Amino acid sequence: MNNILVIDDDQELCALLQEFLSLEGLQAVTVNTPLEGIEMALSGQHDLVVLDVMLPQLSGFEALRRIRATSQVPVLMLTACGGDVDRIMGLEGGADDYLQKPFNPRELLARIRAILRRAQAVPADEDGKAERIAIDDLELVPGSRTIVKGDTELSLTAVEFSILEILLRQVGRVVSREDLTRKALGRELSGEDRSIDVHLSNLRRKLGQRQDGSERIKTIRGMGYLYAA
C-alpha cells in the first residue's frame, strides 16, 4: 500500500482527503504545519507528498525547496489560484505536478496514481540483467530509476526521468508535446498547460550541454522535442 503525506493547514480538507484516499487503497497521513511536514517528508517513509502552497510560518515553495535539497520524493502541489506564476514556481522548484484548488478528489487521485506509476521501479529482464540505455555520456537504467552522466549520478524528479527516458528511447526523432504530456504526466495536453515545457527546462539545466557545446534536447517549433542524435 502506497503511503501519501498531505501537508495542508486546512484540517477539514485533510480529514476529507485522508478518508477518501484510504477508501481508494492509499494510506494517507496528514500534517498541518510546514516544519513538521518537511521533517516527515524527509523521513523516507512516504511514497508521495501532497503539498499546499499557502501555509503558515513559511510558504509551500520554501517547504519544497527544503525537501528538494536532500530528497527526490515525488511532490504534488496544491495551488489556491490558477495563475501561471504559482504553477511555474512550483514546477521550477522541483514539483512533479500541481492541482488548483478547489479540485475534484477524483482528479487528485488520478494525478497521484500517475506520479506513483512513473516513480515505480521496473523489474530486471528475465536473464537478471537490468536494461540500460546508453547515449553520449549518459547511462539510464529504467529499473533502478537512475541516470549517470559520465561518473556522476544525476538527481532527477520522477517526471524528469520519465521525459528523458521517452526522448532517449526515440533519440533523433521528434516527440510531440501532446505525446510527452500523455506519457510523462499521465494526462492530455490542454491549451494553457505549460507544465511539460517547464519540466524540460529543468531537465536541460541538469543535463547541461554536450562536451562540444551542442544542445542535447532540441525544440522543433510547431512539432515538439527531440534528443539530438
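Residues numbered from 1 in each chain as written. Predicted model: local features only at pLDDT ≥ 70, side-chain atom pairs only at ≥ 80, totals over all residues. Heavy atoms only, no water.

S.K.: Please set out the sheet that holds strand β4 (residues 75-79) residue by residue, giving values where relevant.
M.R.: Where strands meet in a sheet, backbone hydrogen bonds hold them as pairs that are either parallel or antiparallel. Read across the open sheet, the five strands follow the order β2-β1-β3-β4-β5; overall the sheet is parallel. One side of each edge strand has no neighbouring strand; the edge strands of this open sheet are β2 (27-31) and β5 (97-100). For this sheet, the mean inter-axis angle between neighbouring strands, taken without regard to orientation, is 20°. Sheet analysis places strand β3 (residues 48-52) next to β4, joined by four bridges and oriented parallel. Residue pairing across strands places Leu 51 opposite Met 77, the latter belonging to β4. In the packing of helix α5 (residues 105-119) onto the sheet, contacts are made with β1 (3-7), β3, β4 and β5, and the angle to β5 comes to roughly 180°. (Pairing = 2+ DSSP bridges. Helix = DSSP H or I, 4+ residues; strand = E, 2+ residues; numbered from the N terminus. Axes fitted to C-alpha atoms, helices over the stretch in contact; angles between N-to-C directions. Contact = heavy atoms within 4.5 Å.)

S.K.: Go over the packing of helix α6 (residues 158-169) against helix α7 (residues 177-185), please, and point to the residues and values.
M.R.: A pair of packed helices can be characterised by two numbers: the angle between their axes and the separation between those axes. Between α6 and α7, the least distance of the axes is 9 Å, while the angle of their chain directions is 130°. Our classification of the angle between α6 and α7 gives oblique. α6 and α7 meet at a crossing whose hand is right-handed. Between α6, through Val 159, Ser 162, Ile 163, Ile 166 and Leu 167, and α7, the contact on the second element is made entirely by Leu 180, Lys 183, Ala 184 and Leu 185. A class-by-class count of the residues in the contact of α6 with α7 yields seven nonpolar, one polar and one charged. (Parallel < 35°, antiparallel > 145°, perpendicular 65-115°, else oblique. Left-handed = near helix turned anticlockwise from the far one by under 90°. Nonpolar A, V, L, I, M, F, W, Y, C, P; charged D, E, K, R; others polar.)

S.K.: Could you give me a rundown of the layout of surface pockets, with the residues and numbers involved?
M.R.: Approximately 240 Å³ is the volume attributed to the largest pocket. Considering the residues around the largest pocket, the lining is formed by 14 residues, among which Gln 72, Arg 145, Leu 156, Thr 157 and Ala 158 are closest to the centre. Of all elements in the fold, only α5, β8 (146-149) and α6 reach the threshold of two or more residues within the lining of the largest pocket. Each residue belonging to the lining of the largest pocket can be placed in one class, and the counts come to seven nonpolar, four polar and three charged. Taken as a whole, the second largest pocket holds about 190 Å³ of empty space. (1 Å grid on protein atoms, 1.4 Å probe; cavity = no way out; pocket = protein on both sides within 12 Å on 5 of 7 lines; lining within 4 Å. Points joined across faces, edges and corners; volume = space filled by probe spheres on them.)

S.K.: Lay out the nonpolar core in plain terms, naming residues and giving numbers.
M.R.: Counting residues in hydrophobic clusters, the biggest one holds 25 residues, and the most contacted among them are Ile 163, Leu 164, Leu 167 and Leu 180. Breaking this core down by element, the ones donating at least two residues are β6 (133-135), β7 (138-141), α6, α7, α8 (195-207) and β11 (224-227). With seven residues, α6 is the single largest residue contributor to this core. Those residues in contact with Leu 180 that lie beyond four places of it in its chain are Ile 163, Ile 166, Leu 167, Val 175, Leu 185, Ile 196, Leu 200 and Tyr 225. Counting 20 residues, the second-largest nonpolar core is a separate cluster that includes Phe 20, Leu 26, Ile 115 and Leu 116. (Core = buried A, V, L, I, M, F, W, Y, C linked by side-chain atoms within 4.5 Å. Buried < 20%, exposed > 50% of the residue type's maximum accessible area, 1.4 Å probe, protein only.)

S.K.: An account of the side chain of Arg 118 is needed here, citing residue identities and associated values.
M.R.: The topology assignment puts Arg 118 in helix α5. Of the buried charged residues, Arg 118 lacks a salt bridge, with Asp 96 as the closest side chain of opposite charge at 5.0 Å. The contact partners of Arg 118, leaving out residues within four places of it in the chain, are Asp 96, Arg 145, Ala 158, Val 159, Ser 162, Ala 184, Leu 185 and Gly 186. (Lys, Arg positive; Asp, Glu negative; His and termini not counted. Salt bridge = Lys/Arg side-chain N within 4 Å of Asp/Glu carboxyl O.)

S.K.: Explain α7 residue by residue, including any values.
M.R.: Every buried residue of α7 is accounted for by Arg 177, Leu 180, Thr 181, Ala 184 and Leu 185. The buried residues of α7 occupy an angular sector of 100° when the element is viewed end-on, so they sit on one face. Buried residues along α7 sit against α5, α6, α8 and β11. Immediately downstream of α7, the backbone of Gly 186 shows phi near 75°, a positive value. (Arc of directions from axis to C-beta.)

S.K.: Lay out the sheet that holds β7 in plain terms, naming residues and giving numbers.
M.R.: One open sheet accounts for four strands, arranged β6-β7-β8-β9; its pairing is antiparallel. Only two strands of the sheet have a single neighbouring strand rather than two, namely β6 and β9 (152-153). Where β8 lies against β9, two bridges are found, and the strand directions are antiparallel. What sits directly across from Val 148, in β9, is Glu 153. Packed onto the sheet, α6 meets β6, β7 and β8 and runs at close to 110° relative to β7.

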